[in-house]
Amino acid sequence: MTGTTSKVLSTTFGTTPAGEIITEYQLQNASGSFVKIINFGGIITQLHVPDKNGQLADVVLGFDNLEPYLEKSPYFGAIIGRYGNRIANACFQLRGQHYSLATNNGANNLHGGPIGFDKRVWQAETFIDAKGQGLRLHLLSQDGDQGFPGNLQVTVTYQFTDDNELIVDYFATTDQTTLVNLTQHSYFNLAARGDILQHQMQIFADRIVDINNVQIPLGGLMRVENTPFDFRTPKTIGKDINQSHSQIANGVGYDHTFVINQSAYKVMTLAARVTEPSSGRVLEVLTEEPGVQFYSGNFLDGSLTGKGTTYHHRTGFCLEPQHYPDSPNQTEFPSTILNPGEEYKTKTIFRFSV
Ligand code: GLA
């Protein structure tokens, strides 16, 4: 028995202002757990996994229909590209040439720009193999898109296994030297209600990328010991979030890239484990990326509602595996450059259990 139902279910989710029909796909596994994904932004709209009593609940933040995703979403569930997090002053040099990007975060470029991959319509194709039901999404980001050079062909593949693993595979090629740093921006709440401050967080990182007060890297890395950023042994997200520390102030809470303790660059590594005591749900994030952005939902302020819930301050957290912020302008950071003839390939797994 493969454990998968024979067909990936899909329904119409909405229509963009340009008249494109957006479809919602449901990837379901043998136990009945499922994830819903739309081909607008590659957004995960729902993710239902069991608690310790076998009760399914939706553990991601999101909206009921397309309209709020078009304009006001704080990247709920989306694929982020071409460049996750910030590029300082929205510019960089590549091969001796200067490039200016579209700005959308003061002077900076955030998450690829105002029309990042989270706001694009992707071509979608479903599949089923021995591992489970899948959705393959494809996008062409044209030369000059948001200011980035090169035609970038991008494929992101989601697959949901019988072990409640959501596997995200990223692939890209270019016809000119460019930058790529893709990630997944789901906001999780493993209790499916309330704030996330009682979730037990563990992040396997000795250092973070420390940032200034507009969240641009200071240039080095900061050791976590004796700081609120020490999650090497589990502690609640809330425990030290209000401590007086310059990095907590600069991030308005946790909004930092943690440098994952990896045996080698690009080796699949357990980056973080989150446990929610009341439901017993556990999320593990494994990745080949060198960093994971831990964002504690600091900018949620109760102004957004979706799926019957109001999204108050810190009612969701993100763990976004990616390269470090502003790498194009930081010579010491691992490179995010992609050349013609090379393949950008990286994988992240969101693994749910109890
Ligand atoms: C990322 C950024 C944050 C914020 C959120 C979405 O995590 O680092 O500063 O933009 O996305 O609001």
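Note that this is a predicted model, so its numbers are computed, not measured.

Asks: Go over the overall build of the protein, please, and point to the residues and values.
Replies: Per the secondary structure count, the protein includes two helices and 29 strands. On C-alpha atoms alone, the protein measures out to a radius of gyration of 19 Å, which is about the 20 Å that the 2.2 N^0.38 rule sets for 354 residues. Seen along its three principal axes, the alpha-carbon backbone of the protein occupies a region of about 55 × 45 × 40 Å. Looking at the protein residue by residue over its 354 residues, the buried ones come to 59%. The contacts of the protein with a sequence gap of at least 6 include a subset with a gap of at least 24, amounting to 66%. About 13,700 Å² of surface is accessible on the protein, with carbon and sulfur atoms providing 47% of the total. Counting 25 positive and 34 negative side-chain charges, the protein places the centres of these two groups 3 Å from one another.

Asks: Outline the nonpolar core, listing residues and values.
Replies: Counting residues in each nonpolar core, the largest one holds 57 residues, and the members touching the most others are L47, Y158, F294 and F317. Here the element with the most residues in this core is strand β13 (residues 152–161); it accounts for five residues. The residues contacting F294, other than those within four sequence positions of it, are M201, I203, F231, I237, Y254, D255, H256, F258, F317, C318 and L319. Residues I38, L61, Y75 and C318 belong to the second largest nonpolar core, which totals 21 residues.

Asks: Would you mind going over the site of the ligand in detail, with residue names and values included?
Replies: The environment of the ligand is made up of 14 residues, and the closest members are R86, H111, H185, D255 and E320. Within the side chain of N85, a nitrogen or oxygen atom sits 3.4 Å from an oxygen atom of the ligand. Here E320 contributes a side-chain N or O atom positioned 3.1 Å from an oxygen atom of the ligand. Burial of the ligand by the surrounding chains reaches 94%, relative to a free accessible area of 300 Å². Of the residues that constitute the shell around the ligand, the class distribution is six nonpolar, five polar and three charged.

Asks: Tell me about the pairing of strand β23 (residues 282–287), and name the residues and values.
Replies: Burial of β23 is extensive: six of the six residues sit out of reach of the surface. Judged by which residues are buried, β23 turns out to be covered on both faces: V282, E284 and L286 on one side and L283, V285 and T287 on the other are all buried. Pairing of strand β22 (residues 269–275) with β23, which is carried by six bridges, proceeds in the antiparallel orientation. Across the sheet, residue T275 finds its bridge partner in β23, namely V282. Counting the residues that bridge the hairpin from β22 to β23 gives six residues, and of these G280 lies at a positive phi of roughly 80 degrees.

Asks: A description of the packing of aromatic side chains should follow, citing residues and the corresponding values.
Replies: Taken as a whole and assessed by the stated rule, the structure comprises 21 aromatic pairs. The interplanar angle of 75 degrees and the centroid separation of 5.0 Å between the aromatic rings of F63 and Y69 together place this pair among those described as edge-to-face. For F63, a relative accessible area of 3% corresponds to the buried category. Plain terms: the ring middles of Y295 and F299 are 5.9 Å apart, the flat faces sit at 35 degrees to each other, and that makes the pair tilted. Note on F299: relative accessible area 48%, which makes it partly exposed.

Asks: Would you mind going over the sheet that holds strand β27 (residues 318–322) in detail, with residue names and values included?
Replies: A sheet is described by the order of its strands in space; here five strands give the open sequence β19-β18-β21-β24-β27, paired in antiparallel fashion. Of all strands in the sheet, those with a lone pairing partner are β19 (222–223) and β27, marking the two edges. In this structure, strand β18 (residues 205–208) lies alongside β19, joined through two bridges in antiparallel fashion. The residue bridging I208 from the neighbouring strand is M222, located in β19.

Asks: Residue-level account of the sheet that holds strand β29 (residues 344–353), with values.
Replies: The sheet built from nine strands is open, its strands ordered β11-β12-β13-β14-β29-β23-β22-β17-β20 with antiparallel pairing. Two strands in the sheet have a free side with no partner beyond their single neighbour: β11 (123–129) and β20 (235–236). As paired strands, β11 and strand β12 (residues 132–141) are joined by seven bridges and run antiparallel to one another. Residue pairing across strands places A124 opposite L137, the latter belonging to β12.

Asks: Tell me about the side chain of T348, residues and numbers included.
Replies: Positionally, T348 belongs in strand β29. A distance of 2.9 Å separates polar atoms of two side chains, one belonging to T348 and the other to T287. If we ignore the near neighbours within four places in the chain, the residues touching T348 are L166, I167, V168, Y170, V285, L286, T287 and P321.

Asks: So what's going on with the side chain of H48? Residues and values would help.
Replies: For H48, the position within the fold is in strand β4 (residues 44–50). What makes H48 buried here is its relative accessible area of 14%. Engagement of the side chain of H48 in a polar contact is seen with the side chain of Q46, the distance being 2.7 Å. Not counting chain neighbours up to four residues away, the residues in contact with H48 comprise S33, F34, L56, A57 and D58.

Asks: So what's going on with unusual backbone geometry? Residues and values would help.
Replies: Backbone torsion omega between G81 and R82 reads -5 degrees, so that peptide bond is classified as cis. On the secondary structure map, R82 appears in the loop between β6 (78–80) and β7 (86–87). Notably, Q146 is not glycine yet its phi reads approximately 60 degrees, a positive angle. Position of Q146 among the secondary structure elements: in the loop between β12 and β13. Residues other than glycine seldom take positive phi values, yet R314 does so here, at roughly 60 degrees. On the secondary structure map, R314 appears in the loop between β26 (309–310) and β27. Taking relative accessible area as the criterion, R314 reaches 8% and is therefore assigned buried.

Quick notes on the rules
Residues numbered from 1 in each chain as written. Predicted model: local features only at pLDDT ≥ 70, side-chain atom pairs only at ≥ 80, totals over all residues. Heavy atoms only, no water. Helix = DSSP H or I, 4+ residues; strand = E, 2+ residues; numbered from the N terminus. Rg over C-alpha atoms; globule rule 2.2 N^0.38 Å. Buried < 20%, exposed > 50% of the residue type's maximum accessible area, 1.4 Å probe, protein only. Contact = heavy atoms within 4.5 Å. Areas by Shrake-Rupley, 256 points an atom, 1.4 Å probe, with all protein chains shown as cover. Lys, Arg positive; Asp, Glu negative; His and termini not counted. Charge placed at Lys NZ, Arg CZ, Asp CG, Glu CD. Core = buried A, V, L, I, M, F, W, Y, C linked by side-chain atoms within 4.5 Å. Near = heavy atom within 4 Å. Polar contact = N/O pair within 3.5 Å; in protein donor to acceptor, adjacent residues only side chain to side chain. Nonpolar A, V, L, I, M, F, W, Y, C, P; charged D, E, K, R; others polar. Pairing = 2+ DSSP bridges. Phe/Tyr/Trp six-rings, centres within 6.5 Å; stacked < 30°, edge-to-face > 60°.

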